[in-house]
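Read off the chains here:
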Amino acid sequence: MTQNSRQRPVWLLSMDSDQFYAAPTTTGGLKAYYLEYGKHSAGNHIELVHFRDGDQALAWPEQWHKDALPLAQQAIADDIRPLLGLSFYTWNAAEFLSIARQLKAACPELLIVAGGPHVQQAEDYLFDEPLDLIVLGEGEETFQELLDNPSRDNWRNINGLAYLDGGELHKTRERSRRIDLDSLPSALNVVPLRDEATGKALYDSISYETSRGCPFKCAFCEWGTGAIGTKMHQFSMERIERDWRQIVGAGIKDI
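Every value quoted in this text rests on a predicted model; they were computed, and no experiment measured them.

Caption draft 1: Quick peek at the packing of aromatic side chains. The tally for this structure, following the rule as stated, stands at nine aromatic pairs. A centroid spacing of 4.5 Å and a plane angle of 40 degrees characterise the contact between Tyr33 and Tyr37, whose relative ring orientation is tilted. You can see Tyr33 and its partner Tyr37 sitting in helix H1 (residues 25-37), four residues apart, about one turn around the helix. Its relative accessible area of 4% is what places Tyr33 among the buried residues. Given the relative accessible area of 34%, Tyr37 is considered partly exposed. On the basis of an interplanar angle of 85 degrees and a centroid distance of 5.9 Å, the ring pair of Phe88 and Phe96 is categorised as edge-to-face. Look at Phe88 and you get buried, because its relative accessible area is 0%. An aromatic cluster of three or more residues is present, and its members are Phe51, Trp60, Phe88 and Phe96. In this structure, Arg52 is placed above the aromatic ring of Tyr21, and the distance from its NZ or CZ to the ring centre is 3.9 Å.

The rules behind each value
Residues numbered from 1 in each chain as written. Predicted model: local features only at pLDDT ≥ 70, side-chain atom pairs only at ≥ 80, totals over all residues. Heavy atoms only, no water. Phe/Tyr/Trp six-rings, centres within 6.5 Å; stacked < 30°, edge-to-face > 60°. Helix = DSSP H or I, 4+ residues; strand = E, 2+ residues; numbered from the N terminus. Buried < 20%, exposed > 50% of the residue type's maximum accessible area, 1.4 Å probe, protein only. Lys NZ or Arg CZ within 6 Å of the ring centre and 35° of its normal.

Here's what the structure looks like:
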């Protein structure tokens, strides 16, 4: 899908660890959710940018400056604020913070939103890094509401956000956890798994979420203890089987 001049440019970034090259199901889930439930899906052009490793991620800003910065500047001229979304994990934090600094310097109006396990302690990042918003907990509905109501005046009405207000950390109300996981559209709805020309699998592996929640309370982890909670919720077996048949049919060997 090509972008027209009145669409908001949205880049969602994800990166694998060096040993694991897999489909971008985290950012794919955000895009799939917005396309199904968003009120203004035609007004947002969401591009999934997935890096195989850190070297590829660190080389991307140069390409963005050349190809995407003009799109961002045109959107700003049209009173549309472009958005960069970052899916943070421990293995990509250094690269993504570097990208955020470079893109913010080139385009100060760019709205930079971070989510994922690594940034759940928002106070560790909002004061020192060029991040405008941090998503706390499950991100699909929060991201959808943000894209539908991006004005800063509306941030306080969106559950599950953290940001600076007058130099002070502000957190909106905690977002309730989703119990009916099958209401989440599959990331596979928007993430191609095979090369159209060759029919070969695009990825070596896939990391697949069959449930949410973690029964453990590891001291080093902000996920089960704070972000999504210790109570487990399951996707249905019908949903899992449908997705897994698509994965296997695409020729991906490792789940």
